[in-house]
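# Close look at the chain arrangement
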Amino acid sequence: MLDGWRKLAGASRAGDALGAELVARWSEPHRRYHDLDHLRAVLRAVDLIHEWAADPVAVRLAAWFHDAVYDGRPGWDEERSAQLAQARLPRCGVPAARVAEVARLVRLTAAHDTLAGADRDGAVLCDADLAVLGGDGYAGYAAKIRQEYAHVPDELFRQGRAQVLRRLLATPRLYRTPPARELWETRARAAMTAELAALER
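Report on the accompanying structure.

## As for helix α7 (residues 120-129)
The buried count for α7 comes to nine of ten residues, which makes it a mostly enclosed element. When we look at burial in α7, the residues that qualify are Asp 121, Gly 122, Ala 123, Val 124, Leu 125, Cys 126, Asp 127, Ala 128 and Asp 129. Lining the buried residues of α7 we find α3 (36-49), α4 (56-65), α6 (96-108) and α10 (178-199). Between the side-chain oxygen of the N-cap and the backbone nitrogen of Gly 122 there are 2.8 Å, and the N-cap of α7 in question is Asp 119.

Written as structure tokens, this is what we have:
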């Protein structure tokens, strides 16, 4: 996994140290879904649709950072992760414009439905982040999300989760890039609709 990181950040002591820090962050014991498996899945999904991106390197760097800080606090986690990218990436020689783009992309993942239509890099990252919704492991994903929010009482979790699913299902298109729509849209909508129905019983 760190070999892929080195291709992005370069082979330097600063880059290696940052890669090790990010792997350690993604490996924190409180994580159930937002862990190294999720990071790997997002990077694999980016590989499938990267030709749609204007700056695939920025998208891949943003994937590494998008949940680097994770405490289960939507919005706050993404902001802190973006700040981490802004603080760490310059030490690896990443140009300022690309650092700014990485931070912008990380912040976008707080609310995928706010993505602007012409944002190709944002579309690729958000589609890759949501690829799990149209994959084979949806039930396992949903169970891990519940584990991450184990501190939330069942009724409150059901209400909050249902609200998230309704918001996503209300979007005309879950996925913004044509290849992602072809790969995942139909299955994702079916899986989310089924989960929502179970939550509302």
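## Notes on the pattern of salt bridges
Throughout the structure, instances matching the rule amount to 16 salt bridges. Across the pair Arg 104 and Glu 101 runs a salt bridge whose closest N-O atoms are separated by 2.8 Å. You can see Arg 104 and its partner Glu 101 sitting in helix α6, three residues apart, about one turn around the helix. The class of Arg 104 is partly exposed, set by a relative accessible area of 32%. Across the pair Asp 119 and Arg 104 runs a salt bridge whose closest N-O atoms are separated by 2.7 Å. You can see Asp 119 sitting in the loop between α6 and α7 and its partner Arg 104 sitting in helix α6, a full 15 residues away along the chain.

Parameters at a glance
Residues numbered from 1 in each chain as written. Predicted model: local features only at pLDDT ≥ 70, side-chain atom pairs only at ≥ 80, totals over all residues. Heavy atoms only, no water. Buried < 20%, exposed > 50% of the residue type's maximum accessible area, 1.4 Å probe, protein only. Helix = DSSP H or I, 4+ residues; strand = E, 2+ residues; numbered from the N terminus. Contact = heavy atoms within 4.5 Å. Polar contact = N/O pair within 3.5 Å; in protein donor to acceptor, adjacent residues only side chain to side chain. Salt bridge = Lys/Arg side-chain N within 4 Å of Asp/Glu carboxyl O.

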